[in-house]
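An overview of the molecular structure
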Amino acid sequence: MEVTLKIQRFDPEKDRKPYYREYVVDVEPTDRVLDALHLIKWYQDGTLTFRRSCAHGVCGSDTMRINGRNQLACKALIKDLGSYITVEPMLGFPIIKDLVVDLEPFFEKYRAIRPYLINNDPPPVTERLQSPEQRARFDDTTKCILCAACTTACPPFWANGRWLGPAALVNAHRFIFDSRDQGAQERLNIINSNEGVWRCRTVFNCTDACPRGIKVTEAIEQLKRALLVRRT
Ligand code: SF4
Ligand code: FES
């Protein structure tokens with residue numbers, strides 16, 4: 001089938017502001033938007049710039065706004081999008097070129113919540129044991145691939161770049177509720193501010209945007225409850 005992709009282009013070294021350019025490609029309905037972008041880049045316009053790595057929904061590097069919604073280009077099927085598809089970069093971060101945004105502010109927030117196991121006990125001889133129930137407590141948030149779809153779909157994030165954002169909170173949740181970790185209180189202190197969990201307005205855009213199906217808003221609510229319980 002013939003599909004038109006209307007793609008936002010911007011080269012800060014040459015352009016004063018972003019503009020749109022249309023490309024017509026011949027694709028199968030079961031092709032992904034990433035396949036169409038490859039056809040454009042390889043056969044029509046080598047200057048088109050986008051990120052991708054795994055091409056299988058694992059690395060989280062090709063999030064973009066497709067028909068106005070954050071999606072991974074490698075998971076978005078042409079047949080679900082129609083024959084006229086708009087492709088734009090994620091909102092809220094500076095554009096480096098075309099569909100590539102500067103994710104350093106995103107990873108700065110991620111690093112701020114100390115996303116690694118904190119445990120000062122001497123390492124055990126074998127693994128640190130955990131019951132299935134303890135593992136289940138944070139299973140959902142282990143699925144995060146740091147694609148930034150949730151954070152850049154969040155209206156409070158567009159309005160306030162200082163807000164930690166859903167992705168950092170999902171990863172705080174992943175460790176705070178891990179029975180092997182000893183850094184929960186430290187992380188709860190980090191997220192207990194107007195730029196932390198309390199900035200969340202329960203819009204649910206993050207949950208809708210997550211390509212891994214993580215219950216992002218619910219995870220943030222669990223963090224709020226953990227803070228409220230700590231106060232009492
Ligand atoms: Fe992406 Fe979901 Fe992780 Fe947010 S929670 S960064 S949408 S995988
Ligand atoms: Fe890795 Fe799409 S290219 S998630």
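Throughout what follows, the structure given in this document is the object of discussion.

What counts and how
Residues numbered from 1 in each chain as written. Chains lettered and ligands numbered in written order. Predicted model: local features only at pLDDT ≥ 70, side-chain atom pairs only at ≥ 80, totals over all residues. Heavy atoms only, no water. Helix = DSSP H or I, 4+ residues; strand = E, 2+ residues; numbered from the N terminus. Buried < 20%, exposed > 50% of the residue type's maximum accessible area, 1.4 Å probe, protein only. Contact = heavy atoms within 4.5 Å. Areas by Shrake-Rupley, 256 points an atom, 1.4 Å probe, with all protein chains shown as cover. Axes fitted to C-alpha atoms, helices over the stretch in contact; angles between N-to-C directions. Parallel < 35°, antiparallel > 145°, perpendicular 65-115°, else oblique. Arc of directions from axis to C-beta. Salt bridge = Lys/Arg side-chain N within 4 Å of Asp/Glu carboxyl O. Core = buried A, V, L, I, M, F, W, Y, C linked by side-chain atoms within 4.5 Å.

To continue, consider the overall build of the protein. Within the protein one finds eight helices and seven strands. Taking the principal axes of its C-alpha atoms as reference, the protein extends roughly 60 × 40 × 30 Å. Within the protein, the fraction of its 232 residues that count as buried is 48%. Counted over contacts in the protein with a minimum sequence separation of 6, partners at least 24 positions apart contribute 63%. For the protein, the exposed area adds up to about 11900 Å²; of that, 51% sits on carbon and sulfur atoms.

As a further point, take the side chain of Thr 141. Topologically, Thr 141 is positioned in the loop between helix 3 (132-136) and helix 4 (155-159). Judged by its relative accessible area of 3%, Thr 141 falls in the buried class.

It is worth spelling out the packing of helix 6 (residues 184-191) against helix 8 (residues 216-231) at this point. As a packed pair, helix 6 and helix 8 sit with axes 11 Å apart at the nearest point and diverge in direction by 105°. Classified by the interaxial angle, the pair formed by helix 6 and helix 8 is roughly perpendicular. Across the interface between the two elements, Gln 185, Leu 188, Asn 189 and Ile 191 of helix 6 pack against Leu 223, Ala 226, Leu 227 and Arg 230 of helix 8.

Bringing helix 6 into the picture now. Taken as a whole, helix 6 has its buried residues at Ala 184, Arg 187, Leu 188 and Ile 191. In an axial view of helix 6, the angular spread of the buried residues amounts to 105°, which keeps them on one side of the axis.

To continue, consider the pattern of salt bridges. Summed over the entire model, instances satisfying the criterion amount to 16 salt bridges. With a shortest N-O distance of 3.0 Å, Arg 21 and Asp 45 are connected by a salt bridge. Residue Arg 21 is located in strand 2 (residues 19-26), and its partner Asp 45 is located in the loop between helix 1 (33-43) and strand 3 (63-66); the two are separated by 24 residues in the primary sequence. The class for Arg 21 is partly exposed, based on a relative accessible area of 39%. Classification of Asp 45 as buried rests on a relative accessible area of 8%. As a salt-bridge pair, Glu 221 and Lys 224 come within 3.1 Å of each other at their nearest N and O atoms.

Here the focus is the environment of Asp 26. Note on placement: Asp 26 falls in strand 2. On a C-alpha basis, the gap between Asp 26 and Leu 39 in space is 8.6 Å, while along the polypeptide they are 13 residues apart. Beyond its immediate stretch of four places on either side in the chain, Asp 26 contacts Met 1, Glu 2 and Leu 39.

In this structure, Leu 169, Ile 176 and Ile 191 are the most contacted members of the largest nonpolar core, which totals 34 residues. Of all the secondary-structure elements, those providing two or more residues to this core are helix 2 (104-112), helix 5 (166-176), helix 6 and helix 8. Excluding anything up to four places from it in sequence, Leu 169 contacts Trp 163, Leu 164, Ile 191, Val 197, Ile 220 and Leu 223. Val 3, Leu 5, Ile 40 and Ile 78 belong to the second-largest nonpolar core, a separate cluster that totals 30 residues.

Remember that the coordinates give geometry; whether it matters functionally is a separate question.
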